[in-house]
Amino acid sequence: MATFNFIKKPCAHEMHGVSTDQTVPDFHPLTYSELKGLVSMAFNGSCRLKAQIQCRLTQAVPGHVCPHPIDGPVAEKMSQLDSTYVEGIRGNTDGLVDKLARILNITP
């Protein structure tokens, strides 16, 4: 199994000193295998790890930018992703990885 060293990726604001007044791309795609590994880590991890994974999943939404959009199609996908993830982590685990993959347009 792969090693998952990619919890939240730093954005250009954090890495390159870009002004926080500017919107910068913050899309970092995941493979199905990476998604599966992150979800597995979340089930067995601390609350902090679960939150970090939630942030990382958000970065896998196509078109994601920093700062986070609050409306529009990317924001809607982020909201759908967050609610699906939280519901899954709270116990509704049936098909969680596949549900998240569909939201993120990831194919197995």
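Residues numbered from 1 in each chain as written. Predicted model: local features only at pLDDT ≥ 70, side-chain atom pairs only at ≥ 80, totals over all residues. Heavy atoms only, no water.

## Some remarks on the overall build of the chain
Stated precisely, the cut-off is as follows: Every helix listed is a DSSP run of H or I at least four residues long, and every strand listed is a run of E at least two residues long, numbered separately from the N terminus. Each radius of gyration is computed over the set of C-alpha atoms, and the globule rule expresses the reference value as 2.2 Å times the number of residues to the power 0.38. Under the scheme applied here, a residue whose accessible area is under 20% of the maximum for its type counts as buried, over 50% as exposed, and between as partly exposed, the area being computed with a 1.4 Å probe on protein chains only. In what follows, a contact means two residues having at least one pair of non-hydrogen atoms within 4.5 Å. The accessible surface values rely on the Shrake-Rupley method and a 1.4 Å probe; as for residues, cover is taken only from the protein chains in view. Under the counting rule used here, the positive set is Lys and Arg, the negative set is Asp and Glu, and His together with the chain ends is not counted. For charged residues, the charge sits on one atom: NZ in Lys, CZ in Arg, CG in Asp, CD in Glu.
Helix and strand content of the chain: 5 helices and 2 strands. Put simply, the chain runs from its N terminus to its C terminus through helices and strands in the order α-β-α-α-β-α-α. Against the compact-globule benchmark of 13 Å for 108 residues, the chain has a radius of gyration of 14 Å, which places it among compact chains. Projecting the C-alpha coordinates of the chain onto the three principal axes gives extents of approximately 40 × 30 × 25 Å. Looking at the chain as a whole, 37% of its 108 residues qualify as buried. For the chain, the share of sequence-separated contacts (at least 6 apart) that also reach a separation of at least 24 residues comes to 65%. Roughly 6,400 Å² of accessible area belongs to the chain as shown, and the carbon and sulfur atoms make up 53% of that amount. One way to put it: in the chain the 10 positive side-chain charges average out to a point 8 Å from where the 10 negative ones average out.

## So, the side chain of T84
Which entries qualify depends on this criterion: Residues adjacent in sequence count toward polar contacts only when both atoms are side-chain atoms; beyond that, a polar contact is any pair of N or O atoms within 3.5 Å, and within protein one must be able to donate a hydrogen and the other to accept it.
In this fold, T84 is placed in helix 4 (residues 73–89). Of note is the side chain of T84, whose polar atom sits 2.8 Å from the backbone oxygen of Q80. Apart from residues no more than four positions distant in its own chain, T84 is found in contact with L96, K99, L100 and I103.

## Digging into the confidence of the model for the chain
Detailed conclusions should not be drawn from predicted coordinates in areas where pLDDT is low. Our working rule: Every residue is assigned a pLDDT by the predictor, reflecting its confidence on a scale from 0 to 100.
Chain-level statistics for the chain give a pLDDT mean of 88 and a share of 93% at 70 or above. Taken element by element, the chain is modelled with least confidence in helix 1 (residues 12–16), mean pLDDT 71, and with most confidence in helix 5 (residues 96–104), mean pLDDT 97.

## Brief notes about the side chain of D26
Mapped onto the elements, D26 comes out in the loop between strand 1 (24–25) and helix 2 (32–44). Judged by its relative accessible area of 2%, D26 is buried. Of note is the side chain of D26, whose polar atom sits 3.2 Å from the side chain of H28. In this structure D26 touches K9, C11, Q59, H64, V65 and C66, once residues within four positions along its chain are discounted.

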